[in-house]
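Single-letter residue listing:
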Amino acid sequence: AAKNLGRNRFNYFTPSMQVYAKYRMRLIQDLRQALQNQELELHYQPIVELKSGRVTKAEALVRWCHPVRGMVSPSEFIPIAEDTGLILDIGNWVFEQAAKQSAYWRDTLGTEVQISINESQVQFRDDKHGCRDAIALLHELNLKGAELCIEVTEGLLQDADIGVRAQLKAYRDAGIQLSLDNFGTGYSSLAYLQQCHIDYLKIDKCLTNNLTASDDEMKLCEAIILMAHKLDIKVTAEGVETEAQRQRLVAIGCDYAQGYLFSRVVTATVFAQSYLQPQALDCKQQNYL
Ligand code: C2E
Ligand code: MG
Ligand code: MG
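Residues numbered from 1 in each chain as written. Chains lettered and ligands numbered in written order. Predicted model: local features only at pLDDT ≥ 70, side-chain atom pairs only at ≥ 80, totals over all residues. Heavy atoms only, no water.

(A) Focus on the site of ligand 1. The environment of ligand 1 is formed by 21 residues, the closest being R63, N118, D181, E241 and Y260. One of the backbone N or O atoms of V62 is found 3.2 Å from a nitrogen atom in ligand 1. Contact with the protein chains covers 83% of the free accessible surface of ligand 1, which is 810 Å². The pocket occupied by ligand 1, as judged from atoms lying within 2 Å of grid points, is the largest pocket. In terms of residues, the shell around ligand 1 owes the most to one element, strand β2 (residues 54-66), which gives 4 residues. Classifying every residue of the shell around ligand 1 by side-chain character gives 9 nonpolar, 6 polar and 6 charged. (Near = heavy atom within 4 Å. Polar contact = N/O pair within 3.5 Å; in protein donor to acceptor, adjacent residues only side chain to side chain. Areas by Shrake-Rupley, 256 points an atom, 1.4 Å probe, with all protein chains shown as cover. 1 Å grid on protein atoms, 1.4 Å probe; cavity = no way out; pocket = protein on both sides within 12 Å on 5 of 7 lines; lining within 4 Å. Sits in = over half its atoms within 2 Å of the grid points. Helix = DSSP H or I, 4+ residues; strand = E, 2+ residues; numbered from the N terminus. Nonpolar A, V, L, I, M, F, W, Y, C, P; charged D, E, K, R; others polar.)

(B) The coordination of the magnesium ion (ligand 2), seen in detail. For the magnesium ion (ligand 2), every protein donor is listed as E59 (OE), N118 (OD1), E151 (OE) and D181 (OD), and the spread of their distances is 2.0 to 2.2 Å. Each donor residue of the magnesium ion (ligand 2) belongs to the same chain, with the gaps between them written as E-x58-N-x32-E-x29-D. Residue classification places N118 among the partly exposed positions, given a relative accessible area of 30%. (Donors = N, O, S within 2.8 Å, 3.2 Å for Na, K, Ca; no water. Buried < 20%, exposed > 50% of the residue type's maximum accessible area, 1.4 Å probe, protein only.)

(C) Structural view of the layout of surface pockets. Roughly 1000 Å³ of internal volume is contained in the largest pocket. Every residue lining the largest pocket is counted, 38 residues in all, and those nearest its centre are E59, L61, P74, N118 and D181. Mapped onto the lining of the largest pocket, the elements with two or more residues apiece are β1 (40-49), β2, β3 (70-72), α2 (74-84), α3 (87-109), α4 (121-124), β5 (148-152) and β6 (177-183). Considering only residue class, the lining of the largest pocket consists of 15 nonpolar, 13 polar and 10 charged. (Points joined across faces, edges and corners; volume = space filled by probe spheres on them.)

(D) Here's a closer look at the coordination of the magnesium ion (ligand 3). Around the magnesium ion (ligand 3), the protein supplies D181 (OD), N182 (OD1), E238 (OE) and E238 (OE) as donor atoms, at distances of 2.0 to 2.4 Å. Along the chain, the residues donating to the magnesium ion (ligand 3) fall in the pattern D-N-x55-E. Separating the magnesium ion (ligand 3) from the magnesium ion (ligand 2) is a gap of 4.0 Å, bridged by D181, which donates to each. Of the two residues, N182 is situated in strand β6 and E238 in the loop between β8 (234-237) and α11 (243-251); the sequence distance between them amounts to 56 residues.

(E) Local environment of the packing of α3 against helix α12 (residues 268-275). Across the interface, α3 lies against α12 with an axial gap of 12 Å and an inter-helix angle of 40°. The orientation of α3 with respect to α12, classified from their angle, is oblique. Crossing of α3 over α12 shows right-handed handedness. Packed against α3, whose contacting residues are Q101, W105 and L109, the element α12 presents A268, F271 and A272 at the interface. Looking at the contact of α3 with α12 residue by residue, the class counts come to 5 nonpolar, 1 polar and no charged. (Axes fitted to C-alpha atoms, helices over the stretch in contact; angles between N-to-C directions. Parallel < 35°, antiparallel > 145°, perpendicular 65-115°, else oblique. Left-handed = near helix turned anticlockwise from the far one by under 90°. Contact = heavy atoms within 4.5 Å.)

(F) Structural view of helix α5 (residues 131-141). Residues of α5 that are buried include every one of C131, A134, I135, L137, L138 and L141, and no others. The arc enclosing the buried residues of α5, seen along the axis, measures out at 155°, which places them on a common side. Opposite the packed face of α5, turned more than 90 degrees from it, sit the exposed residues R132, D133, H139 and E140. Where α5 ends, the next residue or the one after it, N142, has phi of about 60°, a positive value. (Arc of directions from axis to C-beta.)

Below, the structure written as structure tokens:
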């Protein structure tokens, strides 16, 4: 409809910007309620060990089931949550949920599965970041720490000041592992991989996608893996969608893979039923969490 307003750019852009501003305002209001109304859910995507084909880890990905809009994608609401500071509460909730889930699976199924949690730069740059609370929770749940992994982005490591480094160290001291997400999309400097004691590097899906299309891309991935291994860092490929990609990754020595070829992002219950021992699953889970 905006197109019919004429050739004038001003007329063309104004209505859509207003609509967007309104939409965004509304989303912010709704997001403030979302936690209280229990509209957020933590879902899981299995991470496969390529050598054995076994699922040994999972990435926790937040989902927002909006009462009117339905599922809102995290790529849409996480940036808004970051701008407004709501990410702090959401981040604490995600950590707590993932830690309790890990303890629950350990207690009921006897299975240890490492859960990866995405943490935003905004969380690390906040003075009140729940690092200490998070570690207290681990003790409370009697988790070893290695059952959890924090995924961070290159931006955080690039300008990691003393405060950020101290928080990364606190996680590490608690046994929690660190993973660098979306590797290959930013500046990908290598010095900080070692400085920040990164345990895993995740090759972004834009590189994985071209793995079988171009030889250059394959060489690039192979070089990343060789370099990572020299630094004692394990590599996970993200967004693996085809069997051909999986075979390439095995051939170039990639450690783990994640993507629609193996599984989509599923609920905690489906994850446990599909990948962990099924016998102990029951409806007590709801009360536990
Ligand atoms: P990410 O951490 O890089 O997560 C991987 C994204 O790739 C997920 O999108 C996942 O659903 C998608 N994916 C998995 N396999 C495939 C595949 O084979 N092909 C394709 N095309 N995509 C695949 P999702 O769940 O929409 O999340 C988007 C981003 O939102 C995440 O990217 C992460 O940056 C952010 N996010 C999600 N949950 C959280 C959270 O709890 N906290 C924070 N701070 N950020 C989160
Ligand atoms: Mg991630
Ligand atoms: Mg990623």
